[in-house]
Amino acid sequence: MQARTPSERSRRQRWSRLLLGLGPRRSALLLLLPSVAACESLAWGTQMALGGTAGWAPLLLAAGLCGVLPPLLALPLLQQLRQLEKQNLALEVRATRDELTGAFNRDWFMHVSEREFSRSRRYDADCALLMVDADRFRNINDRYGRTCGDALLREIVQASGRQLRSPDLLARFSGESVAVLLPQTDPLGALDVAERIRETIAALQVSWNGAAVGTTVSVGVASLGVGHATLESLISDADGALHAAKEAGRNCVRAAPIQPRRSGEAYPVISK
Ligand SMILES: Nc1nc2c(ncn2[C@@H]2O[C@H](COP(=O)(O)OP(=O)(O)OP(=O)(O)O)[C@@H](O)[C@H]2O)c(=O)[nH]1
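Quick caveat, the model's predicted, so the values are computed rather than measured.

How each quantity is defined
- Residues numbered from 1 in each chain as written.
- Predicted model: local features only at pLDDT ≥ 70, side-chain atom pairs only at ≥ 80, totals over all residues.
- Heavy atoms only, no water.
- Helix = DSSP H or I, 4+ residues; strand = E, 2+ residues; numbered from the N terminus.
- Expected span 1.5 Å × (residues − 1).
- Contact = heavy atoms within 4.5 Å.
- Pairing = 2+ DSSP bridges.
- Axes fitted to C-alpha atoms, helices over the stretch in contact; angles between N-to-C directions.
- Buried < 20%, exposed > 50% of the residue type's maximum accessible area, 1.4 Å probe, protein only.
- Polar contact = N/O pair within 3.5 Å; in protein donor to acceptor, adjacent residues only side chain to side chain.

(A) Geometry of helix H8 (residues 231-247). Between its terminal C-alpha atoms H8 stretches 24 Å, which fits the 24 Å expected from 17 residues at 1.5 Å a residue. Residues of H8 that are buried make contact with helix H4 (106-122), strand S1 (127-134), strand S2 (169-174), strand S6 (217-223) and strand S7 (253-255). One or two residues past the end of H8 sits Gly249, with phi positive at roughly 115°.

In structure tokens form, the structure reads like this:
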């Protein structure tokens, strides 16, 4: 097959974008109209060539061609259109999802969280972030193999997701860690979610070659306060709390120091 030149490719892409933008019905119409018009012109031309004496024959011929030619012309284009739509969907999934676990990926998490973070700051709303990290995961990989580690990671993501509400956002943040954004959640509520996730994972086991394999997670919690000027600063606080949880022996939850939400406000007291 002959390779297409860049200008040919970009022309095809322009067409495809135009057709995708129009939607399947309107683009089908756009493709059918010229061939209907071509058939009508053919009938009219034949009539003229025969001095208008041909009667109904050219008109019947044109009607027949109208019925056959347009679908024949439009079919491959519509098929290509459908394929492009499928490819677009696949690209969208690949751009937002983590391949191994099916959870949102880090880029998408940052994109959505950035908006939620700004909104929470603007409207002075609660917002919290959890960093969940599997404990001693290297041991799992070393003992049972990476495929088993992958299966366990998938289960960790799914089980954690089941502890969340629909506005919460969970993403695979890096290798064996997961980030969770909890909009409209106060510090106490965030600690509750973190503890629920920890307990759920501690009870989780995957069966692997006859063995029951499980792990625990450590969780760091950070709640939006006056000192968090950027999303990164909130993430960094959650990371610090996660580090404290690891230091405390793992399989536990630690929270970053709670800050007041507005300057001049008293520090909230959390007793948990
Ligand atoms: N199976 C699997 N393992 C992964 C994946 N991503 C990261 N890991 C592994 O996770 C392990 C992380 O190791 P460490 O950073 O030493 O952390 P850890 O062993 O979990 O120990 P702590 O975090 O200190 O409790 C490494 O062995 C990585 O190879 C993955 O996608 N699949």
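(B) Seen up close, H4. Between its first and last C-alpha, H4 extends 24 Å over 17 residues, near the 24 Å set by a 1.5 Å rise per residue. Packing partners of the buried residues in H4 comprise S1, S2, strand S3 (177-183) and H8. Remark: Asp124 follows H4 within two positions and exhibits a positive phi of approximately 55°.

(C) Looking closely at the sheet that holds S1. Taken together, 5 strands build an open sheet; the order of strands is S2-S3-S1-S6-S7 and the sheet is mixed. One side of each edge strand has no neighbouring strand; the edge strands of this open sheet are S2 and S7. When the angles between neighbouring strand axes are averaged without regard to direction, this sheet yields 20°. Here S1 pairs with S3 via 7 bridges, running antiparallel. Counted as the bridge partner of Asp133 is Ser177 from S3.

(D) Quick peek at the side chain of Lys246. Relative to the helices and strands, Lys246 resides in helix H8. For Lys246, a relative accessible area of 18% corresponds to the buried category. Engagement of the side chain of Lys246 in a polar contact is seen with the backbone oxygen of Ala134, the distance being 3.1 Å. Not counting residues within four places of it along the chain, the set of residues in contact with Lys246 comprises Asp133, Ala134, Asp135 and Ser218.

(E) Local environment of unusual backbone geometry. We note that Asp124 has phi near 55°; this positive angle belongs to a residue other than glycine. By the secondary structure assignment, Asp124 is in the loop between H4 and S1. Judged by its relative accessible area of 25%, Asp124 is partly exposed. Phi at Asn251 takes a positive value of approximately 50°, unusual for a residue other than glycine. If you trace the backbone, Asn251 turns up in the loop between H8 and S7. Given a relative accessible area of 31%, Asn251 falls into the partly exposed group.

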